[in-house]
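Here is what each chain is made of, one letter per residue.
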There are 2 protein chains.
Amino acid sequence: MSGFVHEDLPTAEVDRREELKRPLTDAVRDLVDATIRTTVDDDEVRAVHEELEALIDRLRASQLPGSAGGRYNSERRAWHWGNAVIGAHNAIAPPMTVVHDGPGRAHADLDLGAAYEGPPGLVHGGVTAMMLDHLMGETASGMQRPTFTGTLTMRYRRGTPLGPLHLEGRIDREEGRKVFVVATIADADGVTVEADGVFIEPSSGHAPRVDG
Amino acid sequence: MSGFVHEDLPTAEVDRREELKRPLTDAVRDLVDATIRTTVDDDEVRAVHEELEALIDRLRASQLPGSAGGRYNSERRAWHWGNAVIGAHNAIAPPMTVVHDGPGRAHADLDLGAAYEGPPGLVHGGVTAMMLDHLMGETASGMQRPTFTGTLTMRYRRGTPLGPLHLEGRIDREEGRKVFVVATIADADGVTVEADGVFIEPSSGHAPRVDG
């Protein structure tokens, strides 16, 4: 997987490190929501901010020099905890969990809150595009081959409400190195956004993209 | 603006509330990055998490019942602080500041860090789609009329590196209620993603979307 670095960490240790930071990440996600919605008074906003800075300093006492990147071990376990859509340690990610339903099919269930809002009460159109982009890329690659996004088209049928949502993607057809994927995002009343995309299998084996 | 609620708060007070939570939001954004990158030991991760939960409780002592939504006052000042791309109180937003360069033109400059990663070292393709979607919507509406997204197509020329980026959008043409917008995202070496979209002016005056 292009850009992924080999690191020979036993899978059990990878799993342990993944789980270690997951509760902290969930709390940061909760803090993002609380910061948007809080109406506490000015002094309390400033007091919480001051204490938060101290916590950030403690976390930064030892850190990676840059972004998390991606790694894999000799047992073919891969991890990319910083990924903006699925990263286990990224509080921006809902996170989305993609379920592969056999060859060429995948789905994901999400519950998007206040942090994903665009028009009042609705998911930001760009957020639906981001989620569809990721699901479709994983549908194309099927966790078996690298692919990168060529083109992606979204058709907005109506607003997507905040709350529980269902995404589905499937490979429509393949032509040479091109993989044609179609996908939808839906609420309880049906489809809100349709998408289709062309994903490319690199000829060289050097893929610019496998997971977003 | 559809979905926006009238609240007769003087503009000076709107500005004051907007600025009050901005430093806290910046710190939360910093915390998202620190959580991805920290390599402090297990006990410290758990200790920071515990203190963070206490801060969340303090913010939630008084809060909005749901998402932030959008509001406007009698002086035509509008605010939507929870917006996923531009919201001043949303730590998920970079935040992006859209600059309107006269009729039918807009641009934005961004610096995307570890939280926006997809493939190692590169911006998540879905994040570029999200930013373009927002810029193009604002280009179409020009802060003067409501529009909603009909279709949006992205063409990925190459990976977009994390770091400083420049977005540009312009209205290509209009046909009746349809506004055709083209846009690009570029790094120092040139364009990485091109996009075009069709935005619709609602006939009824009830717009499902003005800002995302």
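Described below are features of the structure shown in this document. (Residues numbered from 1 in each chain as written. Chains lettered and ligands numbered in written order. Predicted model: local features only at pLDDT ≥ 70, side-chain atom pairs only at ≥ 80, totals over all residues. Heavy atoms only, no water.)

**Here's the deal with the packing of aromatic side chains**
Residues and elements named next belong to chain A. Counted only if it meets this: In summary, the pairing rule links any two rings of Phe, Tyr or Trp, Trp by its six-membered ring, whose centres are within 6.5 Å, and it sorts them by plane angle into stacked for under 30 degrees, edge-to-face for over 60 and tilted for everything else. Buried means the residue's accessible area, taken with a 1.4 Å probe over protein chains only, is under 20% of the maximum for its type, while exposed means over 50%, and partly exposed covers the values in between. Over a ring means this: the NZ of a Lys or the CZ of an Arg is within 6 Å of the ring centre and within 35 degrees of the ring normal.
Throughout the structure, instances matching the rule amount to 2 aromatic pairs over all chains. Both rings, one in Trp79 and one in Trp81, keep their centres 6.0 Å apart while their planes meet at 35 degrees; by these two values the pair is tilted. Of the two residues, Trp79 and Trp81, both sit in the buried class. We note Arg173 situated over the ring of Phe180; from NZ or CZ to the ring centre the distance is 3.9 Å.

**A few points about the pattern of salt bridges**
Rules: In what follows, salt bridge is the name for a side-chain nitrogen of Lys or Arg lying within 4 Å of a carboxyl oxygen of Asp or Glu. The numbering of helices and of strands both runs from the N terminus, where a helix is a DSSP run of H or I of at least 4 residues and a strand a run of E of at least 2.
If you walk through the whole model with that rule in mind, you get 48 salt bridges over all chains. Its salt-bridge partner being B:Arg16, residue A:Asp42 comes within 2.4 Å of it at the nearest N-O pair. In this pair, A:Asp42 is assigned in helix H3 (residues 42–60) and B:Arg16 in helix H1 (residues 11–20), connecting two distinct chains. For A:Asp42, a relative accessible area of 23% corresponds to the partly exposed category. Residue B:Arg16 is classed as partly exposed on the basis of its relative accessible area of 37%. The partner of A:Arg58 in a salt bridge is B:Glu51, and the shortest N-O contact between them spans 3.0 Å. Note that A:Arg58 is positioned in helix H3 and B:Glu51 in helix H3 (residues 42–59), a pairing that runs across two chains. Beyond isolated ion pairs, a larger network of salt bridges with shared partners links A:Asp15, A:Glu18, A:Glu19, A:Arg22 and A:Arg77.

**Overview of the relation of the copies chain A and chain B**
This is how it is decided: When the copies are superposed, the least-squares fit draws on C-alpha atoms of residues that have pLDDT of at least 70 in both. The criterion used for residue contact is that any of the two residues' heavy atoms lie within 4.5 Å.
Overlaying chain A with chain B gives an RMSD of 0.0 Å, the required rotation being 180 degrees about an axis along which the chain moves by 0.0 Å. Such a turn and shift between the copies fits a two-fold axis. Residue A:Thr153, judged by its C-alpha, is the member of chain A lying nearest the rotation axis, at 2.1 Å. With an isologous cut-off of 70% or more, the 100% of interface residues of chain A that recur at the interface of chain B puts this contact in the isologous class.

Honestly, that's just the spatial picture; any functional story needs more than this.
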